[in-house]
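# Results of the structural survey
Take a look at the letters that make up each chain.
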Amino acid sequence: MDKKPEILECKELIKTRLFRVEEMKLRFSNGVERTYERLGRFNDSHQAVMIVPLVDNNHFLMIREYAAGMEEYQLSLPKGLVDAGETVFEGANRELKEEAGFGANNWRELTTLSLSPNYMHHTIRVVVATDLYKERLEGDEPEPLGIETLSFDQLLELNERCDFSEARVLAALYLVKDMLNNRAL
C-alpha cells in the first residue's frame, strides 16, 4: 500500500460562507515536498445529499436550475445540505420537497460520490426516492425550479444536451439504471 505523504503544514488562506481554501505543504515518501491548494471542509457535520426521484422503474425527475459556475441553466438532480439534527433521509426528503415539489415514502442509500478529490474534500451521498407524493416546501431557491421527467432510455441523449453537464448526476443515474436492470431496488 502507498504511504501517505506527511502533512508539514496546513493553513487556511480564505474562508467564505460556503468555502475554505487551504494551503497544504506535503512531504512524500521519496522526500519530495510540494505545496497544494484545496477546498477544505468546514467540519465533519456537513453532509450533502443528492436524490434520484423515481417516478417508476424507467422514469425519474430532474430539476432545472441556474448554475452560477456555468453561468447558465442546467438540468440536475435535487440536492443540498442535510441540516443539523436531520438524518440523511430526512434532509433528502426536505430537499426533494423544496426543489421538486415531491416527497417520498421509500428511501434507499445508493452510494457516496466525490467530485475532484485532488482539489477538495467534498462528498455527496446519493439516495434513491420511490413512492413519490406531491408536497412542496418553501426552500432557499431564488426562483421556482423547472421539473422534467426523463427515462433511463434517454441517458445517452441526456449526456449530449447542452443544458446538462454534471458528471456525478450521470454516474448516479447509470448506477440506478443498473440496479433497476438487476432488480436490486
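This structure is a prediction, so every number in the text was calculated from the model and none was measured.

## Details of the pattern of salt bridges
As enumerated under the stated definition, the model contains 20 salt bridges in all. Glu23 is the partner of Lys11 in a salt bridge, and the nearest nitrogen-oxygen pair spans 3.7 Å. Placement of Lys11 in strand β1 (residues 6–15) and of Glu23 in strand β2 (residues 20–27) is noted, with a sequence separation of twelve residues between them. Arg94 is the salt-bridge partner of Glu95, the closest N and O atoms lying 3.0 Å from each other. Glu95 gets classed as buried once you look at its relative accessible area, which sits at 6%.

## With respect to the confidence of the model for the protein
Confidence in the prediction of the protein, expressed as mean pLDDT, is 91, and 96% of residues score 70 or more. Ranking the helices and strands of the protein by mean pLDDT puts helix α1 (residues 88–100) first, with 97, and strand β3 (residues 33–40) last, with 90.

## Brief notes about the side chain of Asp163
Structurally, the position occupied by Asp163 is in the loop between α2 (155–160) and α3 (167–181). Taking relative accessible area as the criterion, Asp163 reaches 12% and is therefore assigned buried. Of note is the side chain of Asp163, whose polar atom sits 2.7 Å from the side chain of Arg64. In this structure the side chain of Asp163 is engaged in a polar contact, spanning 2.9 Å, whose partner is the side chain of Arg161. The contact partners of Asp163, leaving out residues within four places of it in the chain, are Arg64, Tyr73, Gln74 and Leu75.

## Details of the sheet that holds strand β10 (residues 146–151)
Judged by pairing direction, the sheet is antiparallel, and its three strands sit side by side in the order β6-β5-β10 without closing on themselves. Looking at strand neighbours, the two that pair on one side only are β6 (72–76) and β10, the edges of this open sheet. Ignoring which end each strand starts from, the neighbouring axes of this sheet average 30° apart. Strand direction decides the pairing type here: strand β5 (residues 59–67) and β6, joined by five bridges, are antiparallel. Looking at β6, one finds that Glu65 is bridged to Gln74.

## Quick notes on the nonpolar core
Taken as a class, soluble globular proteins show a tendency for nonpolar side chains to be buried jointly. Core analysis: the largest hydrophobic core is formed by 25 residues, its most contacted members being Met62 and Leu173. Per-element accounting of this core gives the leading share, seven residues, to α3. Those residues in contact with Met62, other than ones at most four positions away along the chain, are Leu75, Ser76, Leu77, Gly146, Ile147, Glu148, Leu150, Leu158, Phe164 and Val169.

## Side note on the layout of surface pockets
In this approach, a probe sized like a water molecule rolls over the atoms, and the result shows the empty space that is left. Counted as a void, the second largest pocket has a volume near 480 Å³. In terms of lining, the second largest pocket is formed by 16 residues, of which the most central are Met24, Leu26, Arg38, Pro117 and Asn118. For the lining of the second largest pocket, the elements supplying multiple residues, two or more each, are β2 and β3. Its residues assigned to classes, the lining of the second largest pocket comprises nine nonpolar, five polar and two charged.

## Observations concerning the sheet that holds strand β7 (residues 79–82)
Overall, mixed pairing links the four strands, which are arranged β7-β4-β9-β8 in an open sheet. Since the sheet does not close on itself, it has two edges, and those belong to β7 and β8 (102–114), each with one partner. Ignoring strand direction, the axes of neighbouring strands in this sheet form an average angle of 35°. This element, α1, spans β4 (47–53), β7, β8 and β9 (123–134) of the sheet and lies at about 110° to β8. Sheet contacts for α3: β4, β7, β8 and β9; angle to β8, the most-contacted strand, approximately 110°.

## Some words on α3
When the terminal C-alpha atoms of α3 are compared, their 21 Å separation across 15 residues agrees well with the 21 Å that a helix rising 1.5 Å per residue should span. Among all positions in α3, only Arg168, Val169, Leu170, Ala172, Leu173, Val176, Met179 and Leu180 are buried. The positive-phi residue at the C-terminal boundary of α3 is Arg183, with phi of around 55°.

Parameters and conventions
- Residues numbered from 1 in each chain as written.
- Predicted model: local features only at pLDDT ≥ 70, side-chain atom pairs only at ≥ 80, totals over all residues.
- Heavy atoms only, no water.
- Salt bridge = Lys/Arg side-chain N within 4 Å of Asp/Glu carboxyl O.
- Helix = DSSP H or I, 4+ residues; strand = E, 2+ residues; numbered from the N terminus.
- Buried < 20%, exposed > 50% of the residue type's maximum accessible area, 1.4 Å probe, protein only.
- pLDDT = per-residue confidence, 0-100.
- Polar contact = N/O pair within 3.5 Å; in protein donor to acceptor, adjacent residues only side chain to side chain.
- Contact = heavy atoms within 4.5 Å.
- Pairing = 2+ DSSP bridges.
- Axes fitted to C-alpha atoms, helices over the stretch in contact; angles between N-to-C directions.
- Core = buried A, V, L, I, M, F, W, Y, C linked by side-chain atoms within 4.5 Å.
- 1 Å grid on protein atoms, 1.4 Å probe; cavity = no way out; pocket = protein on both sides within 12 Å on 5 of 7 lines; lining within 4 Å.
- Points joined across faces, edges and corners; volume = space filled by probe spheres on them.
- Nonpolar A, V, L, I, M, F, W, Y, C, P; charged D, E, K, R; others polar.
- Expected span 1.5 Å × (residues − 1).

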